[in-house]
Amino acid sequence: MSTPAMKTEPAAALLATTAALVVTMTPKRPPRADKYIKMARETALRVVPPLIVLALLMLFWEMVCRRAGSTLPPPSRIYKETRELIFDPFFDRGGIDKGLFWHLSASLQRVALGYSLAAVAGIALGTLVGQSIWAMRGLDPIFQVLRTIPPLAWLPLSLAAFRDGQPSAIFVIFITSIWPIIINTAVGIRNIPQDYRNVAAVVQLNPLEFFWKIMIPAAAPYIFTGLRIGIGLSWLAIVAAEMLIGGVGIGFFIWDAWNSSHISEIILALFYVGIIGFVLDRMIAGLAKMVTHGTALN
């Protein structure tokens, strides 16, 4: 006749065997070196092809522009003539004789202020147009007409109103970048699923809670699409506006270099303009990916 102790021993052995089996089936973590190798490979796949294309373009540019009669300087000559601007961007000799850092910084400050105002106003107006059928009928046709006006066409009007170049440039940025934010926000609000609205009605959310908990999260991918388009238009607008208002700024730097026939400085400035525009777009795209958990277009 078996005793309780005899029944316990097989059960304990079975548990030990099961535990050992679970331990042996647990997947091993990949070594840290393999993780770093994988990251390096993914980085190389992203970085190496553009570098190869850029090197080929630079070589082609050098070969074409080194010929006699060429109107544009080759890359080797650009580097030679702009070496001081490249390696000493922080010099300040007073007035407008400053390094590229100060010109880019002044432009970025104007963009930051004008774009921030456009983002706040654009999301608010886009929400109104998307949520209210009467607001859409009254405001959407006006927005569609105003958004077709070129950015620089607003500059004389803003100069007449503000009598100063700084607020005029900020207004041009604002009026240029607000339209895609309004339109994309309105589209996102109109595309909120009806189920979300039904749930909000069941739990009796007030308008402010509905705005923060339903509207903004549901329309976030559309909103960030408008914000990405807006930041690109802002950077385009400030370069064009600064060519006319003067003062410190990358747009005026380009125009002043043209008046002084410094083509190499213009090309260097355009390179910085392109790099900063790309960085600004990536910043908004990264913020969108973080906020929307990857649902926004990248």
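Within every chain, residues take consecutive numbers counted from 1 along the sequence as written. Per-residue local features are limited, in this predicted model, to residues with pLDDT of at least 70; the limit for side-chain atom pairs, both in listing and counting, is 80 or more; totals at the level of whole chains, interfaces and linings are taken over all residues. To get the side-chain values, all heavy atoms of the structure are used, and hydrogens and water are removed first.

*Asks:* How should the pattern of salt bridges be read in this particular structure?
*Replies:* Opposite charge on two side chains permits them to pair, given that their charged atoms come into close proximity. Salt-bridge detection follows one rule: a side-chain nitrogen of Lys or Arg within 4 Å of a carboxyl oxygen of Asp or Glu. One pass over the structure, following the stated rule, counts eight salt bridges. Of the charged contacts in the structure, one is a salt bridge between Asp92 and Lys98, with a shortest N-O distance of 2.9 Å. Note that Glu242 and Arg110 form a salt bridge whose closest N and O atoms lie 2.5 Å from each other. Of this pair, Glu242 sits in helix H10 (residues 207–245) while Arg110 sits in helix H5 (residues 100–131), placing them 132 residues apart in sequence. Only protein chains enter the accessibility calculation, which uses a 1.4 Å probe; a residue whose area is less than 20% of its type maximum is buried, one above 50% is exposed, and one in between is partly exposed. We classify Glu242 as buried; its relative accessible area is 0%. Residue Arg110 is classed as buried on the basis of its relative accessible area of 8%. Among the charged side chains, a salt-bridge network with shared partners connects Glu84, Arg93 and Asp97. The secondary structure listing takes helices from DSSP runs of H or I that are at least 4 residues long and strands from runs of E that are at least 2 residues long, numbered from the N terminus.

*Asks:* When you look at the confidence of the model for the chain in this model, what are you seeing that I'm missing?
*Replies:* Parts of the prediction with low pLDDT should not have their coordinates interpreted in detail. This prediction gives the chain a mean pLDDT of 84; 88% of its residues lie at or above 70. What pLDDT conveys is the predictor's confidence in a given residue, as a value from 0 to 100. Note on contacts: a residue pair is in contact if any heavy atoms of the two residues lie within 4.5 Å. Overall, residues 19–26 carries pLDDT values under 50, and its contacts beyond four positions in sequence, including any with other chains, amount to zero contacts.

*Asks:* Looking at this structure, I do not really get the nonpolar core. What am I missing?
*Replies:* Most often, soluble globular proteins have nonpolar side chains that are buried together. The criterion is simple. A nonpolar core is a set of buried Ala, Val, Leu, Ile, Met, Phe, Trp, Tyr and Cys residues joined through side-chain atoms within 4.5 Å. Membership of the largest hydrophobic core comes to 51 residues, with the highest contact counts inside it found for Leu227, Trp235, Ile238 and Ile250. Looking at this core, the elements with two or more residues in it are H5, helix H8 (165–190), H10, helix H11 (250–259) and helix H12 (263–292). A per-element tally of this core places H10 first, with 15 residues. Excluding residues within four positions of it along the chain, Ile238 makes contact with Ser107, Arg110, Val111, Ala169 and Ile173.

*Asks:* Please clarify how unusual backbone geometry should be interpreted in this entry.
*Replies:* Only a minority of non-glycine residues have a phi that is not negative, and only a minority of peptide bonds are not trans. One non-glycine residue, Gln204, adopts positive backbone phi at about 60 degrees. Here Gln204 lies in the loop between helix H9 (194–202) and H10. Residue classification places Gln204 among the exposed positions, given a relative accessible area of 68%. If you check the backbone angles, Ser261 has positive phi at about 60 degrees while not being a glycine.

*Asks:* Quick question: what am I supposed to make of the packing of aromatic side chains here?
*Replies:* The way to describe two aromatic rings as a pair is by their centre distance and the angle between their planes. Between the rings of Phe, Tyr and Trp (Trp by its six-membered ring), a pair exists once the centres lie within 6.5 Å; its type follows the angle of the planes, with under 30 degrees stacked, over 60 edge-to-face, and the other angles tilted. Tallied over the full model, the rule gives seven aromatic pairs. The interplanar angle of 85 degrees and the centroid separation of 6.3 Å between the aromatic rings of Tyr79 and Phe87 together place this pair among those described as edge-to-face. Taking the relative accessible area as the measure of exposure, Tyr79 reaches 40% and is therefore partly exposed. What makes Phe87 exposed here is its relative accessible area of 58%. With a centroid separation of 5.6 Å and an interplanar angle of 45 degrees, the aromatic rings of Phe143 and Trp179 are classed as tilted. In this pair, Phe143 sits in helix H6 (residues 133–146) while Trp179 sits in helix H8, placing the two residues 36 residues apart along the sequence. With respect to burial, Phe143 and Trp179 carry one shared label: buried. Linked through ring pairs, Phe90, Phe101 and Trp102 together constitute an aromatic cluster.

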